[in-house]
Amino acid sequence: MSELVTFGETMLRLTPPRGHRLSRVDRLDVHVGGAESNVAVGAANLGVEAAWASLLPATDLGERIAYALRGEGVEPLVTWTETGRVGTYYFERGGMPRGRDVIYDREGAPIREATPADAPLDRIRDAEVFFTTGITPALSEGLAETTGTLLETARDAGVTTAFDVNHRDKLWTPETARETLAGLFPSVDVLFVAERDAREVLALDGDAERMARDLAAEYGFETVVVTLGEEGAIAVHDGTVSRQGTFPADTVDPLGSGDAFASGFLAERLDGTPVPDAMAYGAATAALKRTVEGDMARVSPAEVRALVEEGGK
Ligand code: KDG
């Protein structure tokens, strides 16, 4: 049994050295990344018994992913397939005015064909929290249906379901996302959503508190966390609002900061910590994640605690 089970695609991230163009590169760093495994890793590093469920091809690259997650203390619950490939993505980073870009090469990953029978339903039913994100239903119509079944399976077994909207406009349009997510939301207890996704994907308006309250009223979420980038985050939990600032951090790598927030928040909630304090742990985990290369929150409970005690902005 695991306290937290997550479900989603994990890829190899191939990163040119900072300031190098992908089209001219002769060396790539290899990282392992995927929103749902990132959350499992962050939580595991904070002491949660965490498992990540997915499908991977039975190849060396598939094994590379499972190996990385095992090394971070996450149990990989993998259905190994004879066909398909490991998805990859490239993260090109330059200074302004070029900025950064994520380029996906993820067609053909076996998770796109996953049915509920490919998922460890008993392990999901036995968890305390089941987590996935909007990236998973974006990958195929069939996977959107499977995602819905997994959320319902967890809910029916009394498992807390947590979901991060995590809109990726390279995967689907806001209109398709809104329609699909509206079908999934009734099975979700805890929703994370970036303010921009709340406006542009979920078509909400007003300030963050208004949007969180509207979401809670429409779908019956127990908790809605709206993340505000530099401005921190706001949560509405059982009708009560809490606000959290950010902790200053020198950003070495921004990818996975939202996942780190979710992992710190969920790890504390699993411990019974009240929402306002869990928000502080989420923000501290996100700040510490930004100081480390790769998408995963390689943090320790002691450093997160110390940062929380110092206080945020
Ligand atoms: O949140 C970080 C993720 O975006 C990254 O790890 C890769 O899951 C990923 C995706 O699909 O973009």
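What comes next concerns the included structure. Everything numeric here is computed off the predicted structure, so don't read it as measured data.

### Topic: the nonpolar core
The biggest cluster of nonpolar side chains holds 51 residues, and the ones touching the most others in it are L4, F192, F261 and F265. At ten residues, helix 10 (residues 275–289) tops the list of elements feeding residues into this core. Ignoring any residue separated from it by four or fewer positions in sequence, one finds F265 in contact with V190, F192, T223, V225, V275, A278, M279 and G282. Grouped together as the second largest cluster of nonpolar side chains are 47 residues, A138, L143, L151 and V159 included.

### With respect to the site of the ligand
Among the 13 residues in the neighbourhood of the ligand, the closest are listed as Y104, R106, R168, D259 and D295. Between the ligand and R168, the relevant distance is 2.8 Å, taken from an oxygen atom to a side-chain nitrogen or oxygen of the residue. Contact with the protein chains covers 94% of the free accessible surface of the ligand, which is 320 Å². Class assignment of the residues belonging to the shell around the ligand gives a composition of five nonpolar, four polar and four charged.

### Section: the sheet that holds strand 8 (residues 129–133)
Across the sheet, nine strands lie side by side as 5-4-1-8-9-10-11-12-13; this open sheet has mixed pairing. Of all the strands in the sheet, the pair left with one neighbour each is strand 5 (75–81) and strand 13 (240–244). On average, each strand axis in the sheet is tilted by 15° relative to the strand beside it, whichever way the strands run. One ladder, built from five bridges, connects strand 11 (residues 223–227) with strand 12 (residues 233–237); its direction is antiparallel. Bridge pairing in strand 12 links V226 to I234. Against the sheet, helix 1 (residues 35–45) touches strand 1 (4–7), strand 4 (50–57) and strand 8, its axis set at about 160° to strand 1. Of the strands in this sheet, strand 1, strand 8 and strand 9 (160–164) touch helix 5 (residues 141–156), which is tilted by about 160° from strand 8.

### Brief notes about the pattern of salt bridges
Enumeration over the complete set of coordinates arrives at 20 salt bridges. One salt bridge in this structure joins E9 and R106, with 2.9 Å as the shortest N-O distance. In this pair, E9 is assigned in the loop between strand 1 and strand 2 (11–15) and R106 in the loop between strand 7 (100–105) and helix 3 (121–126), connecting sequence segments 97 residues apart. Of the two residues, E9 and R106, both sit in the buried class. Among the ionic contacts, a cluster of salt bridges with common partners joins R13, R18, R93, D253, E293 and D295.

### Focus: unusual backbone geometry
Glycine aside, residues mostly have negative phi, and peptide bonds are mostly found in the trans state. Even without a glycine there, the phi angle at N166 is positive, about 45°. If you trace the backbone, N166 turns up in the loop between strand 9 and helix 6 (174–184). Unusually for a residue other than glycine, D238 sits at a positive phi of about 45°. Within the element layout of this structure, D238 appears in the loop between strand 12 and strand 13.

Cut-offs and rules
Residues numbered from 1 in each chain as written. Predicted model: local features only at pLDDT ≥ 70, side-chain atom pairs only at ≥ 80, totals over all residues. Heavy atoms only, no water. Core = buried A, V, L, I, M, F, W, Y, C linked by side-chain atoms within 4.5 Å. Buried < 20%, exposed > 50% of the residue type's maximum accessible area, 1.4 Å probe, protein only. Helix = DSSP H or I, 4+ residues; strand = E, 2+ residues; numbered from the N terminus. Contact = heavy atoms within 4.5 Å. Near = heavy atom within 4 Å. Polar contact = N/O pair within 3.5 Å; in protein donor to acceptor, adjacent residues only side chain to side chain. Areas by Shrake-Rupley, 256 points an atom, 1.4 Å probe, with all protein chains shown as cover. Nonpolar A, V, L, I, M, F, W, Y, C, P; charged D, E, K, R; others polar. Pairing = 2+ DSSP bridges. Axes fitted to C-alpha atoms, helices over the stretch in contact; angles between N-to-C directions. Salt bridge = Lys/Arg side-chain N within 4 Å of Asp/Glu carboxyl O.

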